[in-house]
Amino acid sequence: MEDEIVVNIDVMLARRKMSVTELSERIGITMANVSILKNGKAKAIKFSTLAKLCKVLDCQPGDLLEYREGEKSGEKQA
């Protein structure tokens, strides 16, 4: 497993009791693009989009993005 960035938009949506539709409308991007971000399928995110997400969800970038270290060769994660 490689090192990865995990996107926790779904967690913040649940905490804020907000739908993907409402988030999409409030930040001004399509529901399809919000879904791509939410499901961790995006390869990049604009800082302006990240800033909008933080504003609407009342959070910090670290609340939305998490770094996870992958397995080192020959080791297994617990």
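Below you will find a few notes about this structure. Every residue gets a number counted from 1 within its own chain, in the order that chain's sequence is written. Where local features are concerned, this predicted model is filtered to residues with pLDDT of at least 70; where side-chain atom pairs are given and counted, the filter is 80 or more; whole-chain, interface and lining totals use all residues. Each side-chain value is derived from all of the structure's non-hydrogen atoms; neither hydrogens nor water enter the calculation.

## Here's the deal with the packing of helix α2 (residues 20-27) against helix α4 (residues 47-57)
Selection criterion: Angles run from 0 to 180 degrees between N-to-C directions of axes, and those axes are lines fitted to C-alpha atoms, restricted for helices to the stretch in contact. Elements are defined by DSSP. Helices are runs of H or I of four residues or more, strands are runs of E of two residues or more, and each kind is numbered from the N terminus. With respect to orientation, any angle under 35 degrees is reported as roughly parallel, any angle over 145 as roughly antiparallel, any angle of 65 to 115 as roughly perpendicular, and every other angle as oblique. Here a crossing is taken to be left-handed if its near helix is turned anticlockwise relative to the far helix by less than a right angle, and right-handed if that turn runs clockwise. The contact criterion used is simple: two residues touch if any of their non-hydrogen atoms lie within 4.5 Å.
At a closest axis distance of 10 Å, the pairing of α2 and α4 adopts a crossing angle of 120 degrees. Here α2 is positioned oblique relative to α4, judged by the angle of their axes. With respect to the hand of their crossing, α2 and α4 are arranged in right-handed fashion. Contacts between α2 and α4 pair L23, R26 and I27 from the former with K52, L53, V56 and L57 from the latter.

## Quick look at the nonpolar core
Quick note on the threshold: The nonpolar core is taken to be a set of buried Ala, Val, Leu, Ile, Met, Phe, Trp, Tyr and Cys residues, with the residues joined through side-chain atoms within 4.5 Å. Relative accessibility under 20% of the residue-type maximum defines a buried residue, over 50% an exposed one, and the middle range a partly exposed one, all with a 1.4 Å probe and only protein chains included.
In this structure, I9, L13, L23, L53, L57 and L64 are the most contacted members of the largest nonpolar core, which totals 16 residues. Those elements that place two or more of their residues in this core are α1 (9-16), α2, α3 (31-38) and α4. With five residues, the single largest contributor to this core is α4. Discounting residues that sit within four places of it in the chain, I9 has contacts with L23, L37, K38, L53 and L64.

## Some thoughts on the side chain of N8
Rule in force here: Polar contacts here mean pairs of N or O atoms no more than 3.5 Å apart (in protein, one a potential hydrogen donor and the other a potential acceptor; neighbouring residues in sequence count only if both atoms are side-chain atoms).
Relative to the assigned elements, N8 resides in the loop between β1 (4-7) and α1. Here E66 takes part through its side chain, which lies 3.2 Å from a polar atom of the side chain of N8. In this structure N8 touches D63, L64 and E66, once residues within four positions along its chain are discounted.

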